[in-house]
Amino acid sequence: MLKAIQILGSSSSGFVSHRLKPHGNCALSLVPTSAKPSPLSCCPPRRTVKNVSSMKGRCFRAFPAYCTRSESNPDVTSPSSSPTLKSTGYIRKINFCQLCGGPTKHEIPDGEEKMRAICTLCGKIAYENPKMVVGCLIEHDNKILLCQRKIQPSYGLWTLPAGYMEIGESAAEGAIRETWEEAGAEVEVLSPFAQLDIPRIGQTYIIFLAKLKRLHFSPGPESSDCRLFSFDDIPFDSLAFSSMLVTLNLYIADRKVGRPRFHYGTINKRPGTSPSDIQAYTLDYHLQS
């Protein structure tokens with residue numbers, strides 16, 4: 001994973017930006033856009049890209065994307081946020097110290113900028129960090145392996161095999177473990193495919209491309225079903241999370257141009273939406289190798 005991050009930051013990487021356009025049931029299509037000057041761009045503006053795979057420019061571009069689409073009113077869209085990089089997450093109120101159990105006060109510690117929970121007895125400051133979710137996107141015989149969830153949230157909906165990374169394992173090891181636990185499948189990780197940050201709920205997804213070591217899979221304790229879906233039969237209306245919708249559509253778009261890329265983006269969920277309200281989001285700062 002570190003190697004992939006280094007590749008992303010190197011001057012030899014050719015990064016291009018695209019706008020994801022909702023269509024149909026809010027699946028996304030990848031369409032080239034005319035580049036505009038951006039404070040985050042290290043390259044001069046380009047005109048509309050006709051052949052993305054042949055681009056030789058060396059740049060790293062970011063831009064805000066797309067629109068927020070509500071399930072309750074799919075015809076109403078709102079522009080995405082400005083490209084200012086800022087946190088859209090929320091602060092969970094911690095009332096008791098995790099060390100001694102004493103009551104906490106909430107204020108900004110000296111030399112810091114964010115509100116923290118500070119124990120009134122021992123003085124310990126509670127720092128919260130995002131959760132890392134890791135998983136695998138497995139293609140076999142032009143089909144994608146999905147699991148039907150048997151637990152909340154999103155009970156009965158479909159997802160790539162993925163889950164929380166554990167202490168003591170790498171991201172790739174966690175993705176392999178989660179795939180075994182949820183789909184009973186032994187896989188070989190091929191490459192990182194996407195990192196998707198969701199600041200509002202404090203999660204970061206890292207999805208790897210992987211292949212089956214042998215053609216065997218079965219539902220684990222947290223899955224009621226596991227199935228290989230052809231691309232035309234992927235249940236986009238019954239996916240569990242926005243991160244799965246984004247990941248699958250990015251992969252489908254990459255297949256159309258003939259090669260997978262590495263993608264980074266920030267999924268900003270609309271305040272008050274549930275995890276299953278997968279259409280109410282914007283995908284901002286989309287970068288791809």
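Residues numbered from 1 in each chain as written. Predicted model: local features only at pLDDT ≥ 70, side-chain atom pairs only at ≥ 80, totals over all residues. Heavy atoms only, no water.

What follows covers the sheet that holds strand β7 (residues 125–126). Ordered in space as β5-β6-β7, the three strands form an open sheet in which the pairing is antiparallel. Lying at the two open borders of the sheet, with one neighbouring strand each, are β5 (104–107) and β7. Across two bridges, the pairing between strand β6 (residues 116–119) and β7 is antiparallel. Note that in β7 the partner of I118 across the bridge is I125. (Pairing = 2+ DSSP bridges. Helix = DSSP H or I, 4+ residues; strand = E, 2+ residues; numbered from the N terminus.)

What follows deals with the layout of surface pockets. A volume near 530 Å³ is recorded for the second largest pocket. Lining the second largest pocket are 29 residues; nearest its centre among them are P153, Y164, Q203, Y205 and F241. At the level of secondary structure, the elements contributing two or more residues to the lining of the second largest pocket comprise β11 (162–164), α2 (171–183), β13 (203–212) and α3 (242–257). With four residues, the top contributor of residues to the lining of the second largest pocket is α2. For the lining of the second largest pocket, the per-class residue count stands at 10 nonpolar, nine polar and 10 charged. (1 Å grid on protein atoms, 1.4 Å probe; cavity = no way out; pocket = protein on both sides within 12 Å on 5 of 7 lines; lining within 4 Å. Points joined across faces, edges and corners; volume = space filled by probe spheres on them. Nonpolar A, V, L, I, M, F, W, Y, C, P; charged D, E, K, R; others polar.)

A full pass over the atoms with the stated rule returns three aromatic pairs. Pairing F193 with Y251 gives two aromatic rings, centres 5.7 Å apart and planes at 80 degrees, and the pair type is edge-to-face. With F193 in strand β12 (residues 187–198) and Y251 in helix α3, this residue pair connects regions lying 58 residues apart in the sequence. Its relative accessible area of 10% is what places Y251 among the buried residues. An angle of 25 degrees between the planes, with centres 6.4 Å apart, marks the rings of F231 and Y251 as stacked. Remark: Y251 occurs in helix α3 and F231 occurs in the loop between β14 (223–230) and α3; sequence separation between them is 20 residues. A residue is classified by how much of its surface remains accessible, and F231, at 16% relative accessible area, is buried. The ring of Y164 carries the charged tip of K131 above its face, separated from the ring centre by 6.0 Å. (Phe/Tyr/Trp six-rings, centres within 6.5 Å; stacked < 30°, edge-to-face > 60°. Buried < 20%, exposed > 50% of the residue type's maximum accessible area, 1.4 Å probe, protein only. Lys NZ or Arg CZ within 6 Å of the ring centre and 35° of its normal.)

Our focus in this paragraph is the pattern of salt bridges. Enumeration according to the criterion identifies 11 salt bridges in this entry. Residue R177 is joined to E169 by a salt bridge in which the shortest nitrogen-to-oxygen separation is 2.7 Å. Residue R177 is classed as buried on the basis of its relative accessible area, which comes to 19%. As a salt-bridge pair, R177 and E181 come within 3.2 Å of each other at their nearest N and O atoms. Here E181 and R177 lie together in helix α2, a separation of four residues that amounts to about one turn. On the basis of relative accessible area, E181 is assigned to the partly exposed category, the value being 36%. Connected through shared salt-bridge partners, E169, R177, E178 and E181 make up one network. (Salt bridge = Lys/Arg side-chain N within 4 Å of Asp/Glu carboxyl O.)

So, on to the nonpolar core. If you look at the biggest cluster of nonpolar residues, it comprises 33 residues, and the most contacted ones within it are I144, L146 and I234. Of all the secondary structure elements, the ones that give two or more residues to this core are β8 (131–140), β9 (143–149), β12, β13, α3 and β16 (281–288). Counting residues per element, this core draws most heavily on α3, at seven residues. Contact partners of L146, with chain neighbours within four places excluded, come to W158, T159, L160, D225, C226, R227, F229, I234, P235, L239 and L248. Ranked by size, the runner-up nonpolar core spans 16 residues in total, among them A175, A183, I206 and A210. (Core = buried A, V, L, I, M, F, W, Y, C linked by side-chain atoms within 4.5 Å. Contact = heavy atoms within 4.5 Å.)

On to α3, then. Helix length check: α3, at 16 residues, gives a terminal C-alpha distance of 23 Å against a target of 22 Å (1.5 Å per residue), a fit within 8%. Of all 16 residues making up α3, 13 are buried, and the element is well covered by its neighbours. At the exit of α3 stands G258, carrying a positive phi of roughly 100 degrees. (Expected span 1.5 Å × (residues − 1).)

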